[in-house]
4 protein chains.
Amino acid sequence: MYCFNNDYSEGAHPRIMEALIQASLTQHTGYSLDSHTEHAKELIKKEIQRDDVDIHLIVGGTQTNLITISAALRPHQAVIAPETGHINVHETGSIESAGHKVLTQPTPDGKLTPNLIQKTLDFHTDEHMVQPKMVYISNTTEIGTQYTLAELEALSAFCRQKGLYLFLDGARLGAALTSLANDLTMADIARLTDVFYIGGTKNGALFGEGLVITHPDLKPDFRFLIKQKGAMLAKGFLLGIQFEELFQNHLFYDMASHANEMAMVLKKTFSECGFSFLSESVTNQQFPILPNSLIAALRKSYQFLDQQVIDDAHTAVRFVTSWATKEEAVRQFVSDFKTLADTYCSN
Amino acid sequence: MYCFNNDYSEGAHPRIMEALIQASLTQHTGYSLDSHTEHAKELIKKEIQRDDVDIHLIVGGTQTNLITISAALRPHQAVIAPETGHINVHETGSIESAGHKVLTQPTPDGKLTPNLIQKTLDFHTDEHMVQPKMVYISNTTEIGTQYTLAELEALSAFCRQKGLYLFLDGARLGAALTSLANDLTMADIARLTDVFYIGGTKNGALFGEGLVITHPDLKPDFRFLIKQKGAMLAKGFLLGIQFEELFQNHLFYDMASHANEMAMVLKKTFSECGFSFLSESVTNQQFPILPNSLIAALRKSYQFLDQQVIDDAHTAVRFVTSWATKEEAVRQFVSDFKTLADTYCSN
Amino acid sequence: MYCFNNDYSEGAHPRIMEALIQASLTQHTGYSLDSHTEHAKELIKKEIQRDDVDIHLIVGGTQTNLITISAALRPHQAVIAPETGHINVHETGSIESAGHKVLTQPTPDGKLTPNLIQKTLDFHTDEHMVQPKMVYISNTTEIGTQYTLAELEALSAFCRQKGLYLFLDGARLGAALTSLANDLTMADIARLTDVFYIGGTKNGALFGEGLVITHPDLKPDFRFLIKQKGAMLAKGFLLGIQFEELFQNHLFYDMASHANEMAMVLKKTFSECGFSFLSESVTNQQFPILPNSLIAALRKSYQFLDQQVIDDAHTAVRFVTSWATKEEAVRQFVSDFKTLADTYCSN
Amino acid sequence: MYCFNNDYSEGAHPRIMEALIQASLTQHTGYSLDSHTEHAKELIKKEIQRDDVDIHLIVGGTQTNLITISAALRPHQAVIAPETGHINVHETGSIESAGHKVLTQPTPDGKLTPNLIQKTLDFHTDEHMVQPKMVYISNTTEIGTQYTLAELEALSAFCRQKGLYLFLDGARLGAALTSLANDLTMADIARLTDVFYIGGTKNGALFGEGLVITHPDLKPDFRFLIKQKGAMLAKGFLLGIQFEELFQNHLFYDMASHANEMAMVLKKTFSECGFSFLSESVTNQQFPILPNSLIAALRKSYQFLDQQVIDDAHTAVRFVTSWATKEEAVRQFVSDFKTLADTYCSN
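A few points on the structure.

Analysis parameters
- Residues numbered from 1 in each chain as written.
- Chains lettered and ligands numbered in written order.
- Predicted model: local features only at pLDDT ≥ 70, side-chain atom pairs only at ≥ 80, totals over all residues.
- Heavy atoms only, no water.
- Least-squares fit on C-alpha atoms with pLDDT ≥ 70 in both.
- Contact = heavy atoms within 4.5 Å.
- Pairing = 2+ DSSP bridges.
- Helix = DSSP H or I, 4+ residues; strand = E, 2+ residues; numbered from the N terminus.
- Axes fitted to C-alpha atoms, helices over the stretch in contact; angles between N-to-C directions.
- Buried area = accessible area lost by both parts, 1.4 Å probe.
- Salt bridge = Lys/Arg side-chain N within 4 Å of Asp/Glu carboxyl O.
- Nonpolar A, V, L, I, M, F, W, Y, C, P; charged D, E, K, R; others polar.
- Buried < 20%, exposed > 50% of the residue type's maximum accessible area, 1.4 Å probe, protein only.
- Polar contact = N/O pair within 3.5 Å; in protein donor to acceptor, adjacent residues only side chain to side chain.

### Focus: the relation of the copies chain C and chain D
Each copy of the chain is related to the other by a rotation around an axis and a translation along that axis. Superposition of chain C onto chain D requires a rotation of 180 degrees combined with a translation of 0.0 Å along the rotation axis, giving an RMSD of 0.0 Å. What we have between these two chains is a two-fold relation. For chain C, the residue whose C-alpha comes nearest the rotation axis is Lys229(C), separated from it by 3.7 Å. Taken as a fraction of all interface residues of chain C, those also at the interface in chain D reach 100%, which identifies the copy contact as same-surface.

### Looking at the sheet that holds strand 6 (residues 165-169) of chain C
Residues and elements named next belong to chain C. Pairing in this open sheet of 7 strands is mixed, and the strands run 2-8-7-6-5-3-4 from one edge to the other. Only two strands of the sheet have a single neighbouring strand rather than two, namely strand 2 (54-58) and strand 4 (102-105). Taken over all neighbouring pairs, the strand axes of this sheet differ in orientation by 25 degrees on average, direction set aside. Strand direction decides the pairing type here: strand 6 and strand 7 (residues 195-199), joined by 2 bridges, are parallel. The residue bridging Phe-167 from the neighbouring strand is Val-195, located in strand 7.

### Concerning the interface of chain B and chain A
Residue-level contacts link 44 residues of chain B with 44 residues of chain A. Taken together, both faces of the contact between chain B and chain A bury some 3800 Å²; the carbon and sulfur share is 57%. Summed over the three residues of chain B that lose the most area to chain A, namely Tyr8(B), Gln27(B) and Lys235(B), the buried surface amounts to 18% of that side. Linking chain B with chain A are 0 salt bridges, by the criterion used here. Counting residues per element, the ones that place at least two in the side of chain B that touches chain A are strand 1 (2-3), helix 1 (14-23), helix 3 (61-72), helix 5 (94-97), helix 10 (222-228) and helix 11 (237-247) of chain B. No other element matches the 4 residues that helix 1 of chain B contributes to the side of chain B that touches chain A. Of the residues belonging to the side of chain B that touches chain A, the class tally is 22 nonpolar, 16 polar and 6 charged.

### Overview of the relation of the copies chain B and chain A
The transform that puts chain B on chain A rotates by 180 degrees and translates by 0.0 Å along the axis, for an RMSD of 0.1 Å. Most of the interface of chain B is mirrored in chain A, where 100% of its interface residues are also at the interface.

### Some remarks on the environment of Leu238(A)
One can find Leu238(A) in helix 11 (residues 237-247). When its relative accessible area of 3% is taken as the criterion, Leu238(A) is described as buried. With sequence-adjacent residues up to four places away left out, Leu238(A) is seen in contact with Leu20(A), Phe207(A), Leu233(A), Leu206(B) and Phe207(B).

### Brief notes about the side chain of Asn88(C)
By secondary structure assignment, the location of Asn88(C) is in helix 4 (residues 86-89). Using a relative accessible area of 16% as the deciding quantity, one classes Asn88(C) as buried. In this structure, Asn88(C) is in contact with Lys101(A), Pro82(C), Glu83(C), Val102(C) and Thr104(C), ignoring residues within four places of it in sequence.

### Looking at the interface of chain C and chain D
Facing 44 residues of chain C, the contacting portion of chain D comprises 44 residues. Counting the surface lost from both chain C and chain D, the interface buries some 3900 Å², and carbon and sulfur atoms represent 57% of this. Where chain C touches chain D, the interface holds 0 salt bridges. Between chain C and chain D we count 28 residue pairs in polar contact (both at pLDDT 80 or more) in total. Counting only elements with at least two residues in the side of chain C that touches chain D, the list comes to strand 1 (2-3), helix 1 (14-23), helix 3 (61-72), helix 5 (94-97), helix 10 (222-228) and helix 11 (237-247) of chain C. Among the elements that line the side of chain C that touches chain D, the one with the most residues is helix 1 of chain C, at 4 residues. Class assignment of the residues belonging to the side of chain C that touches chain D gives a composition of 22 nonpolar, 16 polar and 6 charged.

What follows is the structure in structure tokens.
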């Protein structure tokens with residue numbers, strides 16, 4: 001049984017594990033004040049070609065979203081997100097638990113645009129309603145799509161004009177930046193957003209998200225918020241060591257590239273067999289729409305999740321590849337899929 | 001420069017690191033629904049000789065305190081803690097951030113008693129004040145002291161009579177259960193409290209606290225709360241693997257015993273040189289009261305924290321040992337200390 | 001300039017003002033523990049023909065919604081509301097400020113049905129999402145519509161089957177219960193919901209909402225929550241005195257009937273002039289869709305609010321009548337409207 | 001049975017009731033945007049001789065404290081209060097329910113000083129602890145004492161130097177400003193604090209606190225916060241009308257003076273009979289320490305509250321007078337008290 005459920009089924013890349021072992025019996029300063037974390041921050045600053053940022057390494061994505069958004073907003077302020085945004089759907093109301101409404105707009109492709117944001121602004125006119133103050137986007141999105149440079153520039157200009165903070169959830173930033181469709185650099189993202197993060201958990205680290213704050217208003221006292229939300233790791237050097245490895249020798253990009261390549265093999269297979277997709281993704285999440293009978297047959301040998309019911313006979317499912325996805329497993333899947341597709345879809 | 005700042009300066013015990021490496025390239029189910037976590041829970045249940053409990057493995061202590069307390073209380077309810085309790089002082093108002101007042105009593109030794117709790121109850125008489133509903137204690141306490149079986153039985157009986165949940169923070173439970181003064185077992189703690197946790201972070205794991213819920217009212221929907229507070233680790237199997245190691249072959253107790261033994265060597269040294277202590281601790285935290293001149297001299301070779309100013313010339317400082325404290329480092333310290341004490345305290 | 005903006009433009013009915021004057025120089029027990037409040041509760045119990053309820057008199061509606069919902073839900077739980085629900089739109093994120101997500105469904109008429117609720121339930125399947133636990137409805141709704149007995153019975157049965165609390169916001173309950181379309185009694189509402197309130201502010205009191213809790217799980221410690229949210233009026237007897245008047249001699253119903261009658265005159269006028277409506281309301285809020293030119297002309301003599309842009313030339317506007325709406329003002333409006341409608345709509 | 005429990009047992013001064021009646025059948029703009037509120041604000045500005053302030057009229061004191069403090073603080077920030085502060089003890093954890101810790105210092109007289117505040121600051125050194133950002137004081141205090149101009153100037157200078165907002169709870173500001181010991185004006189208070197309020201509830205209004213914000217950082221979006229906390233009164237003109245009366249023709253001061261005078265008669269009586277006091281108050285709250293036998297005898301004819309047990313035979317009790325306290329009732333009390341004191345205290 002091979003599992004395409006997600007990109008966090010395995011531990012970490014061997015180079016990361018090796019680095020953790022190497023440092024394990026040395027004494028480090030606690031709470032992310034150690035030298036590995038310092039070095040990791042330097043590497044990230046080099047990556048984005050800027051020095052005027054605050055960087056915090058945090059264990060998980062929901063935590064990072066919660067801390068960042070609650071640190072930025074006053075009690076009556078709200079965050080705008082696409083309806084499919086992770087903070088809206090899959091974080092158990094974490095943002096609301098910190099007191100803030102998530103205002104959503106339905107989107108065709110998981111992406112926000114100035115027009116969509118304007119619709120929300122138009123509706124919020126006085127003190128009887130919450131005040132939109134931040135925009136939350138993901139790259140890649142929760143359905144595998146990604147922002148182009150032009151799209152992000154437009155969003156950024158719009159948000160700055162309207163006094164909205166722009167926050168980019170980069171839990172799958174590696175997949176975005178290494179996909180065929182990408183024309184963004186990490187430096188672009190730093191330039192165009194007010195705060196964003198670089199996902200480690202879903203790209204080969206044991207855990208860890210590298211939060212980069214560029215807007216000066218979002219910087220003060222951030223470590224207080226990390227601690228208050230229970231997110232200040234005692235052995236913070238574990239995060240530093242992992243991000244050092246990610247940004248030494250291109251490992252972050254290499255792992256994401258591998259995940260995307262494996263996904264492209266799957267995508268080609270689904271396409272060649274004549275299936276369509278829920279979204280246009282060239283990244284490590286693929287959402288083919290398959291006949292339910294074929295899905296059932298595949299599940300005898302493979303794990304993958306349902307995404308959305310399409311009709312009585314078809315479901316969009318989700319296949320996720322990762323840094324750890326084995327080429328031979330993908331080859332076997334291609335072969336199995338073609339055989340089963342012939343059987344279940346021939347008539 | 002050797003560091004006695006805390007018990008989380010190093011990574012993890014080699015057996016734990018080895019287990020993490022072994023499992024790193026295997027696929028696991030996410031979010032703590034994997035087989036290692038299942039097995040770790042079985043081992044803990046065996047340890048406490050009970051099967052009717054819910055167990056959750058959570059990354060950090062502040063997080064665990066926050067989730068447990070906010071899951072248990074209604075909005076108007078409060079938790080009673082000793083003034084020195086970790087939730088009162090060192091968690092950046094985490095409990096208040098979830099809406100709950102921490103009611104404190106000063107204590108001579110960091111421990112609560114029925115009498116001290118009654119004083120708080122006496123003061124809270126109607127709906128104009130918060131309603132005390134939970135009691136929070138730590139074992140060992142933040143100043144190295146510990147509860148006896150008789151003390152815990154008295155507290156437990158009192159709390160049950162008053163309808164108060166009893167929650168034991170066991171961030172340093174290993175140190176408590178392996179100290180010379182201990183007459184408690186983990187099964188006693190499970191029997192006498194409503195919820196408690198077994199600290200991994202401060203006892204040789206990379207991170208991880210094993211929360212054990214015995215009271216049925218505290219069990220429902222707990223995973224929702226873990227997720228909402230951003231504490232559901234994607235690669236939850238990392239916690240499972242570590243707790244498997246901790247509770248296989250007695251590693252949890254062996255590591256804590258070593259920490260205590262190293263501390264006893266320090267304690268003996270301080271005593272023999274004629275120094276007194278801020279608290280009566282036979283566990284891995286020692287708080288000698290030293291002359292400031294001696295402290296300054298020691299700091300040329302050793303790191304340790306200030307705990308409390310005693311008078312113009314004396315300060316209580318904190319020395320912490322751990323599973324990783326090296327015997328030769330302690331021996332060197334003893335020798336250095338005796339020399340310096342002779343010099344600075346001779347007159 | 002006559003104002004149809006809302007039903008809280010004037011003070012209170014003269015009988016209520018008189019009662020307040022009468023009691024003003026007498027000493028009363030504070031915090032709603034006085035004899036007037038006691039008597040008012042008895043009158044309400046008689047009205048709903050039940051004695052096994054808890055009643056609290058609270059100053060305002062947003063407050064009452066906030067207290068009731070936050071008292072009922074655990075941190076991970078959410079409330080389901082129609083998209084037009086007052087708690088979703090017009091309370092500045094009050095429910096979210098207490099930590100809870102408001103889950104909404106679009107509705108044609110401002111009313112929830114079992115089918116609509118089921119759609120929300122279907123989507124919330126595990127601990128990565130909030131847990132729906134309460135259903136919020138308004139009667140009359142925010143767009144003037146109302147529930148029939150059959151509809152409320154269906155909702156009630158559904159909610160009980162699914163373990164959802166049913167909460168009815170009765171800020172305009174008087175208008176609902178006295179409209180031509182009504183087949184509900186206040187006793188029905190008490191029987192079919194778990195908690196509801198009787199609006200005083202929008203029906204002739206200076207302020208005040210009478211909250212009736214029927215479900216035993218929602219009763220404990222409610223006064224703590226009232227106090228904590230800053231809603232325990234020091235001179236709570238002011239609420240008691242007003243509700244005594246409302247439920248002595250049928251004043252509550254008489255005032256609401258008057259408001260509805262005045263609205264029916266407006267409705268007939270709009271209809272006769274050939275205009276359609278945003279919603280089918282026979283209560284004190286009317287939402288005619290009017291040409292923008294006519295609206296501009298009307299605004300020279302009358303105040304009323306915009307509700308929704310329909311197209312470039314038409315807007316749905318809101319006319320609200322109340323206990324205090326003067327018959328001669330309505331007559332004058334009818335005459336003015338017909339004249340203007342002739343002018344602006346003749347071609 | 002005459003009641004000295006508090007200063008909010010009666011309704012409102014006849015002039016206030018008369019004004020409410022006069023305006024009751026007129027149409028007013030809702031939500032405190034009416035002309036009476038506008039006028040009341042002008043009167044208050046005249047009183048404090050400043051125009052550069054924001055003023056909000058809010059129903060109750062707990063509400064006002066909650067809104068003001070939660071509007072001012074970021075999530076990790078805390079408010080410093082005397083241990084006896086109303087927000088610490090008698091508001092059911094309202095401040096904590098909004099996420100903020102109340103840091104307290106014991107005081108001999110219910111008043112904070114720079115030294116006491118410095119003790120709290122000294123203790124809060126890094127991001128593992130909350131960050132003190134606001135100082136909360138009451139004038140008069142909860143035990144009837146009051147600040148002198150010199151004391152308030154010292155506090156103000158200290159807070160400004162330390163970057164702490166200074167917030168004065170004036171629920172009983174009338175009593176403070178009209179007492180024999182007073183050397184402050186309302187203009188002084190506006191000058192020396194960042195935000196304060198003028199209590200109506202405890203000084204002859206039906207309800208209402210006039211919040212005056214002088215610090216520019218505390219002004220933005222304040223009405224959003226009022227609404228979100230459920231404190232925006234639909235018929236806000238009721239507040240405006242009352243504050244107009246309070247600040248026309250000196251009514252606010254006259255009522256408070258009367259309350260203080262009546263209290264001075266009580267104080268003189270207690271003193272002449274040889275009793276001491278819990279606090280040195282020349283305002284409308286008096287806390288004599290009386291023998292329990294005498295207390296029991298007094299309670300046959302008078303209501304008053306216990307404040308604090310002194311020893312087995314003595315209790316400090318609280319007598320409160322108000323604008324409505326009748327001179328003949330006080331005369332009767334004096335006579336009764338002297339008789340009973342003779343009987344119960346003769347030996």
